[in-house]
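So the chains spell out like this:
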Amino acid sequence: MKRLALQISVQTYQKHKEAMRSLMVQSFTALFCTLPIFIVLIFNLLELPHSLFINELCIVWFSGHSSINMVSLMMFFPPYRKFISKHIKILKLKYFKSNMSTTLFVN
């Protein structure tokens, strides 16, 4: 990456760095969410007690992959983080204005 930094502009290098971080986070969440598959496999092969309950928990864990992936992207990828923080501020302002108008109207 350091050699690449000498060949491209600062903005492009920053975007490249953010994209690499995003790929690393997505890879980690994919590995984290495929772990339940192996847990189910081990519990079924060894026929351990309460394996049905553990299997159900692992299926729920595995099905949360897309949600976990989006939350991690919103936390670690700056363009998503900026977009979400901007829209949350807008929602707060709209809620505050609508609350103010109803309270003024009621009083």
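Looking at an unreviewed UniProt entry, the chain carries the name G-protein coupled receptors family 1 profile domain-containing protein, with the source organism given as Caenorhabditis latens.

Chemist: Lay out the packing of helix α2 (residues 10–46) against helix α3 (residues 51–63) in plain terms, naming residues and giving numbers.
Modeler: Close contact between α2 and α3 brings their axes to 8 Å; oriented N to C, the two are set at 165 degrees. Classed by the angle they form, the pair α2 and α3 counts as roughly antiparallel. Once α2 is placed against α3, the crossing between them reads as left-handed. From α2, F32, C33, T34, L35, P36, I37, I39, V40, F43 and N44 reach across to α3, where they touch S51, I54, N55, C58, W61 and F62.

Chemist: Give me the lowdown on α2, citing residues and values where you can.
Modeler: Across its 37 residues, α2 extends 54 Å between first and last C-alpha, which sits within 8% of the 54 Å expected from 1.5 Å per residue. For α2, the complete set of buried residues consists of E18, S22, V25, T29, C33, P36, V40 and F43. Count one or two residues on from α2 and you reach E47, which has phi positive near 50 degrees.

Chemist: Let's hear about the packing of aromatic side chains: which residues, and what values?
Modeler: Throughout the structure, instances matching the rule amount to two aromatic pairs. Here F28 and F32 contribute two aromatic rings whose centre-to-centre distance is 6.3 Å and whose plane-to-plane angle is 20 degrees, an arrangement assigned as stacked. On the criterion of helical spacing, the pair formed by F28 and F32 is a turn pair, its members being four residues apart in helix α2. Judged by its relative accessible area of 55%, F28 falls in the exposed class.

How each quantity is defined
- Residues numbered from 1 in each chain as written.
- Predicted model: local features only at pLDDT ≥ 70, side-chain atom pairs only at ≥ 80, totals over all residues.
- Heavy atoms only, no water.
- Axes fitted to C-alpha atoms, helices over the stretch in contact; angles between N-to-C directions.
- Helix = DSSP H or I, 4+ residues; strand = E, 2+ residues; numbered from the N terminus.
- Parallel < 35°, antiparallel > 145°, perpendicular 65-115°, else oblique.
- Left-handed = near helix turned anticlockwise from the far one by under 90°.
- Contact = heavy atoms within 4.5 Å.
- Expected span 1.5 Å × (residues − 1).
- Buried < 20%, exposed > 50% of the residue type's maximum accessible area, 1.4 Å probe, protein only.
- Phe/Tyr/Trp six-rings, centres within 6.5 Å; stacked < 30°, edge-to-face > 60°.

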